[in-house]
Amino acid sequence: MSSGQVTPLTSSDATEARAQMVEHQLRRRGSFDERVLEAMARVPRDRFLPEELRHLAYEDGALPIGSGQTISQPFIVATICQLLELSGDERVLDVGTGSGYQAAVLAELAAEVVTIERVPELAERARSALVQAGYADVEVLVGDGSLGVPARAPFDRIAVAAAAPVVPPALYDQLVEGGRVVVPRGGRWGQQLVLVERTKKGPLERASLPCRFVPLVGAEGFAGS
Ligand code: SAM
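A brief report on the enclosed structure follows. All values derive from a computational prediction rather than experimental measurement.

1. Thoughts on the overall build of the chain
Within the chain, the secondary structure is distributed over six helices and nine strands. Its C-alpha atoms give the chain a radius of gyration of 17 Å, within 12% of the compact-globule value 17 Å for 225 residues. Buried residues in the chain amount to 48% of all 225 residues. Residue pairs at least 24 apart in sequence account for 55% of intrachain contacts in the chain once pairs closer than 6 positions are excluded. Summing over all exposed atoms, the chain offers an accessible surface of approximately 10,400 Å²; the carbon and sulfur share of this is 51%. Charge centroids of the chain, computed over 23 positive and 29 negative side chains, lie 4 Å from each other.

2. Overview of the nonpolar core
Core analysis: the largest hydrophobic core is formed by 53 residues, its most contacted members being Met40, Phe48, Tyr101 and Val105. Listed by contribution, the elements that provide at least two residues to this core are helix 1 (11–27), helix 2 (34–42), strand 1 (63–66), helix 3 (74–84), helix 4 (101–109), helix 5 (120–132) and strand 8 (190–199). Broken down by element, the residue count for this core peaks at eight residues, all from helix 3. Residues contacting Tyr101, with those up to four places away along its chain left out, are Met21, Met40, Val43, Arg45, Phe48, Ile71 and Val77.

3. Thoughts on the sheet that holds strand 8
Spatial ordering of the open sheet is given by 5-4-3-6-7-8-9, a layout of seven strands whose pairing is mixed. This sheet does not close on itself; its edge strands, each paired only once, are strand 5 (139–142) and strand 9 (202–211). In this sheet, adjacent strand axes meet at a mean angle of 20° when their direction is disregarded. Bridging between strand 3 (residues 91–95) and strand 4 (residues 112–117) involves five bridges; their strand directions are parallel. In the strand pairing of strand 4, Val95 is matched with Ile116. Against the sheet, helix 5 engages strand 4 and strand 5, with an angle of about 175° to strand 5.

4. Comments concerning the packing of aromatic side chains
Under the definition given, this model contains two aromatic pairs. Between Phe32 and Phe75, the aromatic rings sit 5.7 Å apart at their centres with planes inclined by 85°, giving edge-to-face as the arrangement. One end of the pair, Phe32, is in the loop between helix 1 and helix 2; the other, Phe75, is in helix 3, with 43 residues separating them in the sequence. Arg29 extends its terminal NZ or CZ atom over the ring of Phe75, reaching a point 4.9 Å from the ring centre. Its end group placed over the ring of Tyr101, Arg45 keeps NZ or CZ at 5.6 Å from the ring centre.

Reading guide: rules and limits
- Residues numbered from 1 in each chain as written.
- Predicted model: local features only at pLDDT ≥ 70, side-chain atom pairs only at ≥ 80, totals over all residues.
- Heavy atoms only, no water.
- Helix = DSSP H or I, 4+ residues; strand = E, 2+ residues; numbered from the N terminus.
- Rg over C-alpha atoms; globule rule 2.2 N^0.38 Å.
- Buried < 20%, exposed > 50% of the residue type's maximum accessible area, 1.4 Å probe, protein only.
- Contact = heavy atoms within 4.5 Å.
- Areas by Shrake-Rupley, 256 points an atom, 1.4 Å probe, with all protein chains shown as cover.
- Lys, Arg positive; Asp, Glu negative; His and termini not counted.
- Charge placed at Lys NZ, Arg CZ, Asp CG, Glu CD.
- Core = buried A, V, L, I, M, F, W, Y, C linked by side-chain atoms within 4.5 Å.
- Pairing = 2+ DSSP bridges.
- Axes fitted to C-alpha atoms, helices over the stretch in contact; angles between N-to-C directions.
- Phe/Tyr/Trp six-rings, centres within 6.5 Å; stacked < 30°, edge-to-face > 60°.
- Lys NZ or Arg CZ within 6 Å of the ring centre and 35° of its normal.

The values are spatial; any link to function lies outside them.
Here you go:
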């Protein structure tokens with residue numbers, strides 16, 4: 001093949017590549033519930049990528065999706081879902097839609113997903129990818145997700161896919177009691193994935209992995225760049 005050419009993924013190639021991804025990147029590396037692994041095996045990550053990158057969809061890493069943003073690494077998407085402990089009947093807010101991939105995985109695991117993205121072009125592309133991949137029920141909004149979505153609150157779970165200096169207070173306030181939010185918290189260049197549960201006595205926090213996300217840009221995130 002001449003350089004620069006790529007072989008498009010057929011649907012059965014993609015299914016096989018996904019099964020390999022689940023086995024090698026998730027099952028052998030982490031401790032995930034079967035429900036999370038099954039969801040990761042079902043969602044076609046290739047469909048959430050620009051055409052020219054689809055052949056890389058099941059590689060072990062983040063990939064560019066335009067506007068300086070990325071689709072998250074499958075291991076991180078699965079880890080966020082695992083930390084949220086979804087049983088199937090939750091209302092979930094996904095902050096930082098990006099490609100729409102994490103929202104689709106959440107839709108496999110919960111009853112209702114609202115996702116919010118600050119870059120309108122990405123939101124538009126994600127909306128169309130979600131519809132084409134069979135996740136038309138996911139509601140895609142445009143706005144500053146660091147403030148949550150008060151009009152749709154409260155949420156049982158909130159997943160944040162962009163780095164924040166603190167767990168945004170508005171997100172904690174929009175959780176039901178017993179609800180959970182996962183946030184990559186730290187500086188612009190490195191963070192820790194933290195899980196915060198809303199309890200009667202206040203926030204209960206647990207740290208998970210070190211990670212590196214693009215910044216959450218907004219009123220309760222970082223200043224714009
Ligand atoms: N989970 C996404 C996926 O699976 O494709 C990847 C998300 S990407 C790492 C982070 C996204 O958060 C970017 O698309 C970025 O534009 C968005 N973002 C940053 N700040 C935001 C904010 N305040 N509100 C909503 N989205 C924001």
